[in-house]
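This is what each chain is made of:
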Amino acid sequence: MDFPSLTIERVRKGLLGREFSARELTAEALRFVEVENPKTNAYLRLAPERALAAAAHVDEQIARGEEIGPLAGVPVAVKDVILTKGVITTCGSKLLERYVPPYDATAVVRLERAGAVVLGKTNCDEFAMGSSNENSAFGPVRNPAAPDRVPGGSSGGSAAAVAQGTAVVALGSDTGGSIRQPASFCGVVGVTPTYGRVSRYGLTAFASSLDHVGPLGRTVRDTARVLGVIAGRDPADSTSADAPVPDYTTELDGQVKGLKLGLPREYLKDLTSESGDLIARGVEVLKKLGCQVREISLPSTDSAVACYYVLATAEASSNLARYDGVRYTFRSASSDTLSDMYRNTRGEGFGAECKRRIMLGTYVLSAGYYDAYYLKAQKVRALIARDFAKSFQQVDAIVAPVSPYPAFKLGEKVNDPLAMYLSDIYTITGDLAGIPCMSVPCGKTAGGLPVGMQILTRHFDETTMFRLADAFENSEAA
Ligand code: GLN
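Residues numbered from 1 in each chain as written. Predicted model: local features only at pLDDT ≥ 70, side-chain atom pairs only at ≥ 80, totals over all residues. Heavy atoms only, no water.

**Considerations on the sheet that holds strand β4 (residues 169-174)**
The strand order across the open sheet built from 11 strands is β1-β3-β2-β4-β6-β5-β10-β11-β9-β7-β8, with neighbouring strands paired in mixed fashion. Either end of the sheet is taken by a strand with one partner, and the two such strands are β1 (43-46) and β8 (292-296). Pairwise comparison of adjacent strand axes, ignoring direction, gives a mean angle of 30 degrees for this sheet. Looking at chain direction, β1 and strand β3 (residues 117-122) are connected through three bridges and run antiparallel. The partner of L46 across the bridge, within β3, is G120. Taken strand by strand, helix α3 (residues 48-63) contacts β1 and β3, and its axis lies near 160 degrees from that of β3. (Pairing = 2+ DSSP bridges. Helix = DSSP H or I, 4+ residues; strand = E, 2+ residues; numbered from the N terminus. Axes fitted to C-alpha atoms, helices over the stretch in contact; angles between N-to-C directions. Contact = heavy atoms within 4.5 Å.)

**A closer look at the site of the ligand**
Within the structure, the ligand sits among 15 residues, and T175, G176, S178, Y308 and R357 are positioned closest to it. In the environment of the ligand, an oxygen atom lies 2.7 Å from a nitrogen or oxygen atom belonging to the backbone of T175. In this structure, an oxygen atom belonging to the ligand sits 3.2 Å away from a main-chain N or O atom of G177. With the chains in place, 99% of the 300 Å² that the ligand exposes on its own is no longer accessible. In terms of residue class, the shell around the ligand is made up of five nonpolar, seven polar and three charged. (Near = heavy atom within 4 Å. Polar contact = N/O pair within 3.5 Å; in protein donor to acceptor, adjacent residues only side chain to side chain. Areas by Shrake-Rupley, 256 points an atom, 1.4 Å probe, with all protein chains shown as cover. Nonpolar A, V, L, I, M, F, W, Y, C, P; charged D, E, K, R; others polar.)

**A short note on the environment of P299**
On the secondary structure map, P299 appears in the loop between β8 and α10 (304-319). On the basis of relative accessible area, P299 is assigned to the exposed category, the value being 56%. Distance from P299 to A243, taken between C-alpha atoms, is 30 Å for residues 56 residues apart in sequence. Ignoring any residue separated from it by four or fewer positions in sequence, one finds P299 in contact with E266 and D387. (Buried < 20%, exposed > 50% of the residue type's maximum accessible area, 1.4 Å probe, protein only.)

**Comments concerning a nonpolar patch on the surface**
A cluster of nonpolar side chains, contributed by V326, L338 and Y342, occupies part of the molecular surface with about 270 Å² of accessible area. Owing to a relative accessible area of 52%, L338 belongs among the exposed residues under this scheme. (Patch = residues over 30% accessible without salt bridge, like charges linked within 9 Å, V, L, I, M, F, W, Y side chains within 5 Å. Salt bridge = Lys/Arg side-chain N within 4 Å of Asp/Glu carboxyl O.)

**Notes on the packing of helix α4 (residues 106-113) against helix α7 (residues 220-230)**
Between α4 and α7, whose axes approach to 8 Å, the crossing angle comes to 110 degrees. Compared by their axis directions, α4 and α7 come out roughly perpendicular. Judged by the twist between their axes, the crossing of α4 over α7 is right-handed. For the pair α4 and α7, contact is made by A107, R110 and L111 and by V226, V229 and I230, respectively. A breakdown of the residues in the contact of α4 with α7 according to their chemical character gives five nonpolar, no polar and one charged. (Parallel < 35°, antiparallel > 145°, perpendicular 65-115°, else oblique. Left-handed = near helix turned anticlockwise from the far one by under 90°.)

**Points about the nonpolar core**
Judged by nonpolar contacts, the single largest core of 140 residues is most densely connected at L171, I230, F388 and L468. Per-element tally for this core: the top contributor is α10, with 10 residues. Setting aside its immediate chain neighbours within four residues, I230 contacts A107, R110, L111, L171, V198 and V213. (Core = buried A, V, L, I, M, F, W, Y, C linked by side-chain atoms within 4.5 Å.)

Here it is in structure tokens:
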């Protein structure tokens, strides 16, 4: 089996044509992970029993002549901030090193109901805070395209697994770019749906008003298929939207002629020349496909990083308060009093980035500073959303870079948090506005580093986003 080229469609054909059984495929996939994973550290843990049981179920359905689900037998990886019942879920943190969730996230339930086979859990920055996967308590992930470079973050393990072929598709989470940026760095497709499109039930909370669950895959079609399965109202998440979920794959008809695209002026000025050239080439391809491209302006872009790092840290400081050594697994062994126990547990358990954010978030929420920082940032967020809303009166989709540069070297930015934060400049705006956005591969630098192009559309219009990305992907391949 050639795992790196496997698609959902190929798995389906193989199963229905009795080329292989789901159990054979799963056993082979697990073996492939064992061999390949040491090169990247993408997976933190495999779940062979669970995977083989899911595969056996698919085989039984086929044997009985029953209809199989849309993801039947497909090997999937799940980011380790998404809960899996009975399978340790660490969030990349020492604090949760032995945490066994008592329930599954809704997205995982829906994947398995559709026949998917969850192979295991993927590495990530601690509590999804980071842009390089170097904030994991369990070691960094290496980029499959260049082992001395980061895979991006925080869903670095999921992106690396898909790029490496150790999963056909994966789930990631995105609060400020954590699906699109690693997808761009590793050369795969990554999708951040509209806020509320996919239930957050069972996604460990980082910044609740910004958190999304979304798919990564090697083709646009595969990510569209997965989103179709995991999207939709969930009574367990009151912020999940009660909007109809279209069959995204039937909309991938290549019809993009006449589509109006906006190119935000503010996003193109600080790109490295190679990334800029690749994006410009991508835009030319879209023009050849019949799209009309015009320049647009998103004037609040300059305030986006500051706005995000106030709001995200404020929400994080509140969400992370629950890790106190009482209700969850890790507890400092060396405490005499209750307050010492809290202090030592959190002091020993959290990594430096989480501590930095808890302190910053607590500060911006404190009585004397709430108006100056938190409230101000909320107003800026409204301006950013308004920029997009205005642009979408003129254009159907926005095309932009994902990151100012391709994958950087391991260790290069790890001691400079501000430089790390600034690398999120083009991705956090989409999260702040809550609109759908994705990264689709748009070529490689001379040194072989993948670069992604970002597509953003109106709230709940994932269809246009997928259609455009799919047409682009097919034209690139041609
Ligand atoms: N890099 C951003 C951060 O560190 C985004 C993280 C995310 O999307 N989860 O907050």
